[in-house]
Amino acid sequence: MCSSDLTPVGSLITTDFSGLADGELKLCVIGGDVLGNYQDMADATEAIWTKDTQPPTFDVTGYPTGANNITSLDVTVSGVDLSQYKYKLGDASTDCASADAYTLVSTLDKIQDSLASLSDGVLVLCVLGGDIANNFTPLAEAFTTSWTKDTTPPVAEINGHPTGTSNIVDLDITISGNEVSHYKYKLVSLPADCAVADAYSNDVVVTDKITDSINSLADGDFSLCVIGRDAVGNYQLLENASIVSWIKDATAPTAEISGQPQGINNTKILNVTVSGAE
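Residues numbered from 1 in each chain as written. Predicted model: local features only at pLDDT ≥ 70, side-chain atom pairs only at ≥ 80, totals over all residues. Heavy atoms only, no water.

**Student:** Even after reading the chapter, I still don't get the overall build of the protein chain, so can you show me in this structure?
**Tutor:** Per the secondary structure count, the protein chain includes 0 helices and 18 strands. Expected size for 278 residues packed as a compact globule is a radius of gyration near 19 Å; at 41 Å, the protein chain overshoots this value by more than 25%. Overall size of the protein chain, expressed as C-alpha extent along the three principal axes, is 165 × 30 × 25 Å. Counting only residues that meet the buried cut, the protein chain has 27% of its 278 residues in that class. Restricting to contacts in the protein chain with at least 6 residues of sequence separation, those with at least 24 account for 64%. (Helix = DSSP H or I, 4+ residues; strand = E, 2+ residues; numbered from the N terminus. Rg over C-alpha atoms; globule rule 2.2 N^0.38 Å. Buried < 20%, exposed > 50% of the residue type's maximum accessible area, 1.4 Å probe, protein only. Contact = heavy atoms within 4.5 Å.)

Spelled out as structure tokens, the structure:
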């Protein structure tokens, strides 16, 4: 039942109800004519609505963290009272408290933006939750997260390898390089193509040396191909593999002697020539 003081007929109702708590509110109106006949209070005309001035709480999940090489987002925004949201994505200069550049999503679809056009470095995602009453998270309270985009592969450096013509048969090669945490390698006799993925090893921790024995392999031209990997999984491109080459020569030569004395003779001074291939 409604109860209220009478107000002049035809007056605009401009009651400030900001002091009333959120929840169901009711406006009761009784009409009256010039003769003083008033609608019975028990039959007052009612208008009922729900006052909702609070933005919804919401969760954001699936966003990148730390340093990574993710190139497209798959972020979910959800919440009990959430019916819409706004978001923006940018580099480290992005200001979540600024209204500029927010995108409205009214269907609660995922955020699946491509990051391809954004340079490597710190990226920022801002989200404002909204409900059916168009209450949105205040800009100053925007959900904010950041991560580091890293899609640049490292370059492996090869040290301690044989050079030129060498009789080394047990390798002792160190791999290093800025941001190199792992590597793959293959040892091939020429001709060979380091840009072909076949025959590369599994990942090797950069602190582990290459200690293969090539004793059983025939003498000749050799190449070592190495591709580096960083901590977030960026691999050096096969076509840009680091390569070193050398010639293995581990076969001892055979000496040939000529001019030596023969049989029984009285030679007192030798005049012997020693020769041979290599």
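**Student:** Would you explain the sheet that holds strand β14 (residues 204-205) in this entry?
**Tutor:** The strands making up a sheet associate through backbone hydrogen bonding, with each pair oriented either parallel or antiparallel. Taken together, 5 strands build an open sheet; the order of strands is β11-β16-β15-β13-β14 and the sheet is mixed. With one partner strand each, in any of the chains shown, β11 (165-166) and β14 form the two edges of the open sheet. (Pairing = 2+ DSSP bridges.)

**Student:** How should I be thinking about a nonpolar patch on the surface in this particular structure?
**Tutor:** A cluster of nonpolar side chains, contributed by I13, F17, L20, L27, V29 and W49, occupies part of the molecular surface with about 490 Å² of accessible area. Tracing the chain through its elements places I13 in the segment before β1 (23-29). (Patch = residues over 30% accessible without salt bridge, like charges linked within 9 Å, V, L, I, M, F, W, Y side chains within 5 Å. Areas by Shrake-Rupley, 256 points an atom, 1.4 Å probe, with all protein chains shown as cover. Salt bridge = Lys/Arg side-chain N within 4 Å of Asp/Glu carboxyl O.)

**Student:** Looking at this structure, I do not really get unusual backbone geometry. What am I missing?
**Tutor:** The phi angle of most residues is negative, glycine excepted, and most peptide bonds adopt the trans form. Even without being a glycine, N134 presents a positive backbone phi close to 65 degrees. Of note, N134 is situated in the loop between β8 (121-130) and β9 (143-149). In this model, E179 sits at a positive phi of 70 degrees, which is unusual for a non-glycine residue. Among the structural elements, E179 can be located in the loop between β12 (174-176) and β13 (182-189).

**Student:** What am I meant to see in the side chain of K248 here?
**Tutor:** Summarising the element assignment, K248 is placed in strand β16 (residues 242-248). A polar contact of 3.4 Å, which involves the side chain of K248, links it to the backbone oxygen of N215. For K248, the side chain forms a polar contact with the main-chain oxygen of L217, separated by 2.3 Å. Every residue in contact with K248, bar those within four places of it in the chain, is listed here: S166, V169, I214, N215, L217, A218, D219, G220 and F222. (Polar contact = N/O pair within 3.5 Å; in protein donor to acceptor, adjacent residues only side chain to side chain.)

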